[in-house]
Amino acid sequence: MRVPPGFPVSVLGLAAQVPLQSPVNTTSMAKPAFVFEEGANVFSPKDLVQLPRVGGGVANEVGDLVFVPVSEYSFKDKKNSKSIHVAAVESTILPLDIPLSNGGEAFWLDSRTLAHAVTEDKVIALYAISLKVDTDSPSVTTFPESPIFIGKFPTDTASNFRYSAKAGILVFSDLVHEDGDLKKAKENDEAWENRGDTAFVYDETFERHWDTWVGPKRASLFSVKLAKQPAGKWALGDEFVNLLKGTGHHAPVEPFGGTDDFDVSETQVIYTAKDPKLPKAWHTKQNIYVVDINGKSSPKELTSGKQGATHAPVFNNAGDKVAWAELDQDGHESDRAKLVLYDLKKDVRFTVTQHWDRSVSSIAFAHDDKTVFITAPDLARIKIFSLPVPETPSASTTDPDLPAIFHPRALTTNGAASGIQPRSNGRLVFSRSSLTSPNEVFVLRGLNESGEPTVDQLTRIAAPGLKGKSLDEGKDFWFEGAEGKKVHGWIIKPPGFKEGEQKKWPILLLIHGGPEGAWEDQWSTRWNPNIFAQQGYVVIAINPTGSTSFGQDFTNAIKEDWGGKPFVDLRNGWKYILDNVPEVDPERAVAAGASYGGYAIKYVLVFFFTRELISNALFSWIQGHPEFGFNFKALVCHDGAFGAQYHGYSTDELFFFNYEWGGRPWEPRAQEVIKKFDPINFVDKWSTPMLIIHGSKDYRLPETDGIGAFHALQQRGVPSRLVIFPDENHWVLNHQNSLKWHYEVFRWLGKYAKN
């Protein structure tokens, strides 16, 4: 399920940690029976709470300054402090931190002026923050004046700001009622709230999405004048033009769409939106449109009409070409995303990466428009690639005859790159995280020269919180998986790990969600492999069949086979580790997973990987090799699928089940796959202690998946524990809830793997 990673966490004193069960429950603790591993060189969950959360860096147009949104949790105040970190792309200037007491969003107005949009009196107010670069030694950036008020928006939900300095127009998103009138939004809100009942009534699907019941408002794009007056003061217009009014288009695409769903030029706006003619719950098809920035014309569709989803539309600098990422198959959210270019002058569309077996994530044109840069997952990293912009063919085509020079060339090798922003003089500013660090800002230099470009790190915001911590960079390993395919995994080692210490360490298998996802060289504040390793586990994170970044065939091979090839891969990878890492103790083995990983926990890890097996091949193999029997002592399942057939009816995005399971849940092929791979069919084999965690606002996999599994375990007499977060969705986002999540997980694992 296509979702973005990362969330902030909070702290809850360990002395206050209590179980969710009532005191009369015999499984309750009278007092905390567990504490985190902590120390000068240990990065604990509490350290994760207080580490600054670093957003993506945004460079100004001239490319000499970059700002980064930062939030940092305070143990003392139990709240986040928001700020803007301003750093120089040329490293002689010291960084500047601008506190934002009420949070908000920021964007560049010009090379020395930041706009700050913040909620005040139930509307969004806009301020200008002027920066001054002092060239005295040492060089510093300052904001000598208080923020200057520019204007107000009609609501408190305006967001996702993109400013065209050449046009003097700001484009943003907001939520409006059916009339599309932004100035009447608050009046309409009051009428809705005072309607006299609390009912939501629906005549079509997508009645709820992710964690929200769909109400009367939808997202739209608006434009408004924003320019510097002759007297030097910035002014915001009062005419807010709904660019999508009457079209049936809604952008950004919910629930995760933002500024990556649209772009602006001097005269136009390009955006992606769900096809308005198709039922959104069982179609992924998104169209690309271009519309006049002042709303003086109707949107024009640029896509062929035969595609699936589309993402990341962008203009080139001249405004005469656009690019986007396009998937072929409607209904398949993890299909290969190809780079498509469209020549607005010649009205020609052509696919550039038809024969490149990787998926494009984000796109940006070089300063001179001769090169296009992209990010794409590749071998468990997210890398930056470049390729020349081809000449426009004579007619639209999905497979132009392009020579080898147009094959993407990797510019980075490690980490997870994002937010690519080419600037003048052969530079590209970007953000990057890794297994050992959250986002920091970097710059590639020398892109317009022969030879390899150089990489410089511009920010070190998280460095103080990581100082002295023994985080492991992770080591790749490869083994032979299902059908003879080479399969990748990571091993992440705990502090103090030494080769040759036989069976010293408990071993933890992590299984990722998606299922079309991957364990990558990337930071996470949720499922962070290093957090598990820092608590004293050798962590194994395998990328089995279905994982991304290893070619589309490998990704697609999980379709209708959730309990097949992926588990051959997991079994073979596990055997590889036990054969080659004698320091781990297989008698202290545990496993954890979320979403699809939670499905894996429920289906195979309590079934195939225990000693009560019905699969003859696996039965013979494990029973004949007890030293390699998975023999997990405990399991953790977070928001995992339990009843697949029920999931086909209850999930918000029906297209997901229909693709993965071979059709709608009542159709013959889906029934066949359900019979084979639905965990609910094998509950009678369950015997391994399991911790189940679920969010009540998870509409992707409703909470009854967790409750049902817990009831089954309890009735079978299997040690089990249920943690419900009534206010959380598929992820745990609240600060205190997040630390509680870590507490419950490590308490459970430690009870069976350490005690």
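Provided above is the structure to which this section pertains.
To start, this report covers the structure provided alongside it. Remember, predicted model here, so these are calculated numbers, not experimental data.

## A look at the overall build of the chain
The helix and strand inventory of the chain stands at 13 helices and 43 strands. The C-alpha radius of gyration of the chain comes to 26 Å, within 12% of the 27 Å expected for a compact globule of 755 residues. In terms of overall dimensions, the chain has C-alpha extents of about 80 × 65 × 65 Å along its principal axes. Every one of the 755 residues in the chain was classed for burial, and the buried ones make up 58%. Carbon and sulfur atoms form 49% of the exposed surface of the chain, whose accessible area is close to 31000 Å². Computing the positive centroid from 79 side-chain charges and the negative centroid from 93, the chain places the two 3 Å apart.

## Digging into the sheet that holds strand S20 (residues 262-264)
Taken in spatial order, the four strands of this open sheet run S20-S21-S22-S23, and their pairing is antiparallel. Both outer strands of the open sheet, S20 and strand S23 (300-301), are each paired with one neighbouring strand and no more. Relative to S23, strand S22 (residues 286-292) runs antiparallel, the two sharing two bridges. Opposite Val290, over in S23, you have Lys300 as the bridge partner.

## Examining the sheet that holds strand S8 (residues 113-120)
Pairing within the open sheet is antiparallel, and its four strands lie in the order S7-S8-S9-S12. Edge strands, defined here as strands with exactly one partner in the open sheet, are strand S7 (105-110) and strand S12 (148-152). With direction set aside, neighbouring strand axes in the sheet form an average angle of 30°. Where S8 and strand S9 (residues 123-130) come together, eight bridges link them in antiparallel fashion. Following the sheet pairing, Leu114 is matched in S9 by Ile129.

## So, the nonpolar core
Residues Leu508, Phe532, Ile540 and Trp661 are the most contacted members of the largest nonpolar core, which totals 97 residues. Broken down by element, this core gets its largest block of residues, eight residues, from helix H13 (residues 735-753). If we skip the residues at most four places from it in the chain, Leu508 touches Phe532, Tyr537, Val538, Val539, Ile540, Val590, Ala591, Ala592 and Leu749. In this structure, Phe107, Leu182, Val224 and Leu226 belong to the second largest nonpolar core, which totals 22 residues.

## A look at the pattern of salt bridges
Under the defined criterion, the tally for this structure stands at 31 salt bridges. A salt bridge links Glu560 to Lys559; the nearest nitrogen and oxygen atoms lie 3.3 Å apart. What makes Glu560 buried here is its relative accessible area of 18%. Salt-bridge contacts for Glu667 lead to Arg664; the nearest nitrogen and oxygen are separated by 3.7 Å.

## A word on the pairing of strand S14 (residues 169-176)
Residues in a regular strand project their side chains so that they alternate between the two faces of the sheet. Of all eight residues in S14, seven are buried; the element is thus mostly enclosed. Judged from the four bridges that link them, strand S13 (residues 159-164) and S14 form a sheet pairing that is antiparallel. Looking at S14, one finds that Tyr163 is bridged to Leu170. Bridge count between S14 and strand S17 (residues 218-228): eight bridges; the pairing is antiparallel. Note that in S17 the partner of Ile169 across the bridge is Lys225.

## Side note on the packing of aromatic side chains
Centre distance and the angle of the planes are the two values used to describe a pair of aromatic rings. Summed over all chains, the structure comprises 46 aromatic pairs. Measuring from ring centre to ring centre gives 5.0 Å for Trp210 and Trp731, while their planes differ by 70°; the resulting arrangement is edge-to-face. Placement of the pair is Trp210 in the loop between strand S15 (208-209) and strand S16 (212-213) and Trp731 in the loop between strand S43 (720-725) and H13, with a sequence separation of 521 residues. The burial state of Trp210 is the same as that of Trp731; both residues are buried.

## Concerning the layout of surface pockets
Put simply, the second largest pocket is a space of about 1100 Å³. Val214, Gly215, Lys217, Arg218 and Glu254 are, among the 38 residues lining the second largest pocket, the residues nearest its centre. Contributing elements (two or more residues each) for the lining of the second largest pocket: helix H2 (185-193), S16 and S17. With three residues, the single largest contributor to the lining of the second largest pocket is H2. Among the residues making up the lining of the second largest pocket, the classes are represented as 19 nonpolar, six polar and 13 charged.

Cut-offs and rules
- Residues numbered from 1 in each chain as written.
- Predicted model: local features only at pLDDT ≥ 70, side-chain atom pairs only at ≥ 80, totals over all residues.
- Heavy atoms only, no water.
- Helix = DSSP H or I, 4+ residues; strand = E, 2+ residues; numbered from the N terminus.
- Rg over C-alpha atoms; globule rule 2.2 N^0.38 Å.
- Buried < 20%, exposed > 50% of the residue type's maximum accessible area, 1.4 Å probe, protein only.
- Areas by Shrake-Rupley, 256 points an atom, 1.4 Å probe, with all protein chains shown as cover.
- Lys, Arg positive; Asp, Glu negative; His and termini not counted.
- Charge placed at Lys NZ, Arg CZ, Asp CG, Glu CD.
- Pairing = 2+ DSSP bridges.
- Axes fitted to C-alpha atoms, helices over the stretch in contact; angles between N-to-C directions.
- Core = buried A, V, L, I, M, F, W, Y, C linked by side-chain atoms within 4.5 Å.
- Contact = heavy atoms within 4.5 Å.
- Salt bridge = Lys/Arg side-chain N within 4 Å of Asp/Glu carboxyl O.
- Phe/Tyr/Trp six-rings, centres within 6.5 Å; stacked < 30°, edge-to-face > 60°.
- 1 Å grid on protein atoms, 1.4 Å probe; cavity = no way out; pocket = protein on both sides within 12 Å on 5 of 7 lines; lining within 4 Å.
- Points joined across faces, edges and corners; volume = space filled by probe spheres on them.
- Nonpolar A, V, L, I, M, F, W, Y, C, P; charged D, E, K, R; others polar.

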